[in-house]
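The residues making up each chain are set out below.
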Amino acid sequence: MKSTQMFCVMLGAMLFAMPAIAQETARQDERAVIEQRAQSYAAAYNAKDLKGLIAHWSPEGVYIDRASGESVAGREALEKAFQEEIASRNKSRLEIAVETIEFVSPGVALEQGTSTIAPSDGQPLRTRYSAVHVKRDGKWLIDRISEGEIVAPPSHYEKLKELEWMIGDWIDQDDEGVVSTDCHWARNNNFIIRSFTVSIAEAVDMAGMQVIGWDPANKQIRSWTFDSDGGFNQGVWEKTANRWSVNQTATLPDGSIASSTSLLTPVDENSFTWQQVNRAVGGQLLPNLPETVIRRK
């Protein structure tokens, strides 16, 4: 009896799921058609096939330039606008990268992606677009496109590129322990991220992270370091000849204030020296640490 009830429950669940599965399959098929239409649109543009290009649009189609706010409505106006554009970009090629296609209703779909117009010489123009498609007589047509140029986010790479030699994996090892450091660029090259671990007897004793960036207000390279013991510091980086000095002020886990200067000197592409001098904790001076060579893994 129980097995019969279970079979009925499973059968009911399957029957309930089947329409949803069929609907999703149909949508996947429609997505493929719309994406194919996007590529045929690019092909018509590249072939300078003006009639084929306009045939992708609905009669009421509207193109909107988000940067200027200007719009072009209707196939006749669109044909004239594209004729002028194709003439001015005679040797340019259009590439379309579809990112998402979502259905507002069975007959309306929203496509989003990026387009690139690459001239025969010069810099390509990249835009981000949104396109509304409507299904008319079994055929998907563009009803509206709005697009705007992709503006690259600001980057402080030019201010930090002299520290690019630090990028990579580094190791400082002796009989007492190992310090491993991973150094990489953050997105847009606005910061350098250094993650480090201190291991003693093959067990991690401490870990932490340092963020190095350009301070546009004070016009200097600064760093912020945090460790797993609860300490943190901030530093100011200065370069003299081939040596970098980092003047740091730290708050230790017990609340004590410490200060020091780290000296980093590149030797070659696979090694640099590190030394910490001018050390003080709670106003008490401490001996300088010996210079050590840190090598790339």
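Everything discussed here concerns the structure shown above.
Remember, it's a predicted structure, so these values are computed and weren't measured experimentally.

**Some points on the pairing of strand S1 (residues 57-65)**
Item 1. As paired elements, S1 and strand S6 (residues 139-149) share 5 bridges and run parallel to each other. Bridging across to S6, Trp57 finds its partner in Ile142.
Item 2. Relative to strand S2 (residues 71-73), S1 runs antiparallel, the two sharing 3 bridges. Bridging across to S2, Tyr63 finds its partner in Val72.
Item 3. From the end of S1 to the start of S2, which pair antiparallel, there are 5 residues, and Gly69 there has a positive phi angle of about 80°.

**Concerning the environment of Pro124**
Item 1. Within the element layout of this structure, Pro124 appears in the loop between strand S4 (108-118) and strand S5 (125-136).
Item 2. C-alpha separation for the pair Pro124 and Glu269, spaced 145 residues apart in sequence, amounts to 34 Å.

**Structural notes on the side chain of Thr114**
Item 1. Here Thr114 is to be found in strand S4.
Item 2. Judged by its relative accessible area of 8%, Thr114 is buried.
Item 3. With residues near it in sequence (within four places) discarded, Thr114 still touches Glu95, Ile96, Ala97, Glu99, Arg126, Thr127, Arg128, Tyr129 and Ile150.

Cut-offs used in this document
Residues numbered from 1 in each chain as written. Predicted model: local features only at pLDDT ≥ 70, side-chain atom pairs only at ≥ 80, totals over all residues. Heavy atoms only, no water. Pairing = 2+ DSSP bridges. Helix = DSSP H or I, 4+ residues; strand = E, 2+ residues; numbered from the N terminus. Buried < 20%, exposed > 50% of the residue type's maximum accessible area, 1.4 Å probe, protein only. Contact = heavy atoms within 4.5 Å.

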